[in-house]
Amino acid sequence: MDIAELQEELARERRGRLAAERLLELKKTELGDANRQLSKHARQLSGTIVDQRKVVSILQGENDRVVEDLHRAKDQVVAVERLLWDALENIPDGFALFDAERRLMAANQPYLSVFREAGGVSVGDTYQSILDICLDDGLIDLEGENEDEWYDKMLDRWDGSFINPITLRFWNGMYVRMVDRRTADGGIVSLALNTTEAIAREEELRIARDKAEAADRAKSAFLARMSHELRTPMNGVVGMADLLIERELDDEAMLYSETIRNSGQALLEIINNILDFSKLEAEKLELREDVFDLEQLAQEVCMIVTPSLRDKEVTLLIDYDQFLPTQFIGDPGRIRQIILNLVGNAIKFTECGNIMLRFVGVDPVGDDGWQVHMTIEDSGIGIMDQLKDHIFGEFNQIEDGTNRRYEGTGLGLAITKKLVEVMGGEIWVDSIPGHGSCFGVKVNLRHAAPADIPRSCLPDRFKTALLWIKNPLDRSLVERQLGLFGLEARIVETAAEYDLALRAETPDVVLVGSSRLDPARAMLEGTGLGNSVVSVAEAPGEIADLPKPFTRTMLFDALNAMCDGGQTQAIDRPIRVLAAEDNATNQLVLTKMLQELDIELQIVEDGLQVVEAFRAQVPDLIFMDISMPGMDGMEATRAIRAIEGETSHVQIVAMTAHAMHGDEDRIRQAGIDHYMTKPLKKRSLEDHINKVRSRLEKDGSSDATVQGNSH
Ligand code: ADP
């Protein structure tokens with residue numbers, strides 16, 4: 001090889017080496033990069049590993065906690081289950097769980113113990129096999145029920161969607177009430193409640209209640225009898241005292257007789273109150289349903305209490321709103337009692353001023369009901385705020401200086417309140433001590449059609465009336481009532497106006513206040529109206545054609561009497577009165593009360609005799625005692641009505657000491673026309689006789705019995 005070639009070769013080798021060195025350099029760089037990448041990746045990896053370790057350790061912790069919680073929960077479940085079973089074992093009632101196949105899954109001892117003597121029941125047994133044991137071992141007292149029916153009934157019970165509880169009676173006297181419910185998985189949870197004690201208590205209560213009811217009935221019967229027994233002698237006391245007072249007595253004897261009469265009446269009132277109260281307490285009070293005129297009833301109450309106003313400077317007024325209906329259906333006797341109690345109290349506790357019985361308004365209730373609102377205001381001693389509730393309690397009176405001098409049982413308001421409540425109403429009082437009280441009452445009554453005013457009875461010529469009455473309240477009342485009878489009223493206030501009115505147009509009837517009667521009559525002279533004057537009393541107790549206060553019927557009767565003028569024919573024989581009364585004192589009272597009247601009185605002692613006397617000669621009127629030995633008043637009345645048939649009708653008026661509810665209805669059903677409670681009042685005996693007399697006179701036949709029933 002030449003040098004050139006050598007050099008060439010050398011140069012080539014150097015180039016090769018240089019290239020290799022460069023390559024090496026490049027590879028080194030690449031290796032360094034790769035190394036760096038690697039170590040970066042390694043670093044990232046180890047970071048991730050650290051993170052993962054942390055997560056793992058957290059998860060590990062949580063896992064430990066969950067496991068721990070699970071253990072604890074399991075322990076708790078076991079403890080609760082133990083507690084639950086402990087509790088279930090300790091209750092006296094049986095508890096059992098059945099699965100959907102009706103196999104017993106669990107039951108407490110009280111449940112299982114029932115079957116122990118019969119060989120026992122254990123978990124896994126079916127419901128059917130338990131029923132079999134019940135029947136085979138005679139555990140259940142079927143109380144007459146057929147075995148198969150009972151078995152089917154018990155099986156069917158569990159089929160329905162709702163399982164009705166059932167009470168089983170075991171032969172050992174135990175009562176078990178089975179209450180079963182279906183669980184969500186179709187099984188049954190069954191509770192067997194031991195109700196033996198409850199049933200025994202119920203039985204005791206039932207026996208006690210029966211006894212109490214029997215005692216209550218006995219008490220009511222006793223009260224009714226006592227009331228009768230007490231009223232009969234009281235009739236003698238009050239009646240005889242009444243007769244004594246009518247005689248010419250010296251002052252001392254008069255005082256004694258009046259005291260006897262007043263004490264007797266007070267005693268009767270107490271008897272009635274106590275009787276009422278016990279009826280209300282025993283919830284024995286039944287309300288009657290009669291059509292009545294509330295305005296008239298209020299006026300009647302005012303008339304009843306008029307005598308007690310005699311020694312007081314008290315004016316008693318009724319304000320019956322003219323737009324208010326007057327006809328209602330309800331128990332007029334009880335409404336009268338409520339008003340009488342409140343007006344009576346108002347009078348008792350008021351020495352001077354006014355007492356106003358106000359009928360304020362009605363509100364409709366239900367379909368045909370009306371709630372009537374009335375108030376009774378007085379200007380008396382009043383009631384302190386703190387005692388306003390107290391006075392409605394039984395036997396409660398206000399015990400202080402102003403009040404102690406008033407007599408009473410403290411039952412009046414208690415009875416009134418109960419009566420008002422029975423009528424679905426309420427009662428309250430507002431008062432200013434020293435100035436007066438206002439009792440408010442609301443009672444529910446039913447609607448009644450307006451009364452059928454017997455306008456046809458008044459002759460057609462009665463069209464206009466002239467009124468010369470001082471008191472505006474009386475005047476408006478008369479005017480309103482005349483309007484109901486179809487009469488147009490003209491009102492005058494002075495004598496001159498009266499005179500003028502008479503000249504202008506002759507009225508058909510003139511109604512004049514009692515103090516103006518004389519001038520009014522004088523001015524009528526020559527007008528031909530002399531017989532057409534009705535005097536209107538201006539003060540209670542005054543004698544007039546219309547007393548104060550008067551009722552619509554009284555006005556009607558006064559007008560009617562005028563129509564009859566000249567048309568009646570006096571009968572030429574005494575009225576024949578037949579009276580049946582077994583009690584000798586009462587016979588005497590009756591005889592004495594009637595002795596001054598122009599009547600022919602025959603007294604008999606029992607029902608048979610009254611029927612015999614009736615057959616012998618038909619009387620015009622019979623006063624009939626109800627309780628008599630042998631044939632009583634009701635039987636006798638029925639016998640008389642049977643003899644009469646439909647053609648005639650003698651007036652029969654019951655005299656009775658009975659005051660229990662229902663008596664009046666029974667008495668009327670027997671065919672009795674009227675009803676008087678003992679003690680007898682001379683005035684009402686006379687009223688009945690007078691009514692019969694005027695009917696006979698109107699009929700114009702001196703020997704006819706009264707036709708038609710005049711309820
Ligand atoms: P009594 O029969 O004793 O009057 P009540 O029950 O009717 O029984 O009344 C209870 C009490 O309420 C009365 O004793 C009286 O103190 C009081 N009282 C009732 N009404 C009035 C009234 N209008 N003014 C003042 N006090 C009255």
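Residues numbered from 1 in each chain as written. Predicted model: local features only at pLDDT ≥ 70, side-chain atom pairs only at ≥ 80, totals over all residues. Heavy atoms only, no water.

A. Molecular detail of the overall build of the protein chain. In terms of helices and strands, the protein chain carries 18 helices and 21 strands. When the accessible surface of the protein chain is totalled, it reaches about 39300 Å², and 53% of it is carbon and sulfur. (Helix = DSSP H or I, 4+ residues; strand = E, 2+ residues; numbered from the N terminus. Areas by Shrake-Rupley, 256 points an atom, 1.4 Å probe, with all protein chains shown as cover.)

B. How the structure looks around helix α14 (residues 584-594). Inspection of α14 places N586, Q587, V589, L590, M593 and L594 among the buried residues, and these make up the whole buried set. The buried residues of α14 occupy an angular sector of 160° when projected down its axis, which confines them to one face. (Buried < 20%, exposed > 50% of the residue type's maximum accessible area, 1.4 Å probe, protein only. Arc of directions from axis to C-beta.)

C. Structural context of the environment of V611. Summarising the element assignment, V611 is placed in helix α15 (residues 607-616). Discounting residues that sit within four places of it in the chain, V611 has contacts with M631, A636, A639, I640 and I643. (Contact = heavy atoms within 4.5 Å.)

D. Fine view of the nonpolar core. In this structure, I335, I339, L357, F359 and V443 are the most contacted members of the largest nonpolar core, which totals 48 residues. The element that contributes the greatest number of residues to this core is helix α8 (residues 332-348), accounting for seven residues. Ranked by size, the runner-up nonpolar core spans 32 residues in total, among them V121, L142, F170 and M174. (Core = buried A, V, L, I, M, F, W, Y, C linked by side-chain atoms within 4.5 Å.)

E. Fine view of the confidence of the model for the protein chain. Per-residue pLDDT for the protein chain has a mean of 84; in total, 90% of the residues score no lower than 70. Below pLDDT 50 for its whole length, residues 451-456 participates in eight contacts with residues either more than four positions away or in separate chains. For residues 702-711, every residue scores under 50 in pLDDT, and the model assigns this stretch 32 contacts once sequence neighbours within four places are set aside. (pLDDT = per-residue confidence, 0-100.)

F. Region of interest: the sheet that holds strand β4 (residues 175-182). Pairing in this open sheet of five strands is antiparallel, and the strands run β2-β1-β5-β4-β3 from one edge to the other. Taken across any chain shown, the strands that pair with only one partner, and hence form the sheet edges, are β2 (104-107) and β3 (166-169). The mean inter-strand angle of the sheet, taken between neighbouring strand axes irrespective of direction, is 25°. Pairing geometry for strand β1 (residues 94-98) and strand β5 (residues 188-194), over five bridges, is antiparallel. Each residue of the ladder has a partner; that of A96, found in β5, is S190. The sheet contacts of helix α2 (residues 109-116) involve β1, β2 and β5, and relative to β1 the element is tilted by about 95°. Across the sheet, helix α4 (residues 147-157) touches β3 and β4, and the angle it forms with β3 is around 145°. (Pairing = 2+ DSSP bridges. Axes fitted to C-alpha atoms, helices over the stretch in contact; angles between N-to-C directions.)

G. Looking closely at the sheet that holds strand β19 (residues 621-625). Overall, parallel pairing links the five strands, which are arranged β18-β17-β19-β20-β21 in an open sheet. Here the strands that pair on one side only, and so sit at the sheet edges, are β18 (599-604) and β21 (674-677). Averaged over all pairs of adjacent strands, the angle between their axes in this sheet comes to 20°, without regard to strand direction. Sheet topology places strand β20 (residues 651-656) next to β21; four bridges connect them, and they run parallel.

H. Layout of the packing of α8 against helix α9 (residues 412-422). Direction vectors running N to C along α8 and α9 enclose 145°, while the axes themselves pass 10 Å from each other. Considering only the axes of α8 and α9, their crossing is left-handed. Facing R334, Q337, I338, N341, L342 and N345 of α8, the residues of α9 in contact are G412, L413, I415, T416, L419 and V420. (Left-handed = near helix turned anticlockwise from the far one by under 90°.)

I. Fine view of the layout of surface pockets. Of the volumes computed, that of the second largest pocket is approximately 290 Å³. Contributing elements (two or more residues each) for the lining of the second largest pocket: α2, α3 (127-136), α4, β4 and β5. Counting residues per element, the lining of the second largest pocket draws most heavily on α2, which supplies five residues. In terms of residue class, the lining of the second largest pocket is built from 17 nonpolar, four polar and three charged. (1 Å grid on protein atoms, 1.4 Å probe; cavity = no way out; pocket = protein on both sides within 12 Å on 5 of 7 lines; lining within 4 Å. Points joined across faces, edges and corners; volume = space filled by probe spheres on them. Nonpolar A, V, L, I, M, F, W, Y, C, P; charged D, E, K, R; others polar.)

J. Representation of a negative patch on the surface in the model. On the surface, D132, D136, D137, E147, D148, E149, D152 and D156 cluster together into a patch of negative charge. The set of elements that each furnish at least two residues to the negative patch consists of α3 and α4. In terms of residue count, the dominant contributor to the negative patch is α4 (five residues). Examined against the element boundaries, D132 turns out to sit in helix α3. Judged by relative accessible area, D132 falls into the partly exposed class, the value being 33%. (Patch = residues over 30% accessible without salt bridge, like charges linked within 9 Å, V, L, I, M, F, W, Y side chains within 5 Å. Salt bridge = Lys/Arg side-chain N within 4 Å of Asp/Glu carboxyl O. Lys, Arg positive; Asp, Glu negative; His and termini not counted. Charge placed at Lys NZ, Arg CZ, Asp CG, Glu CD.)

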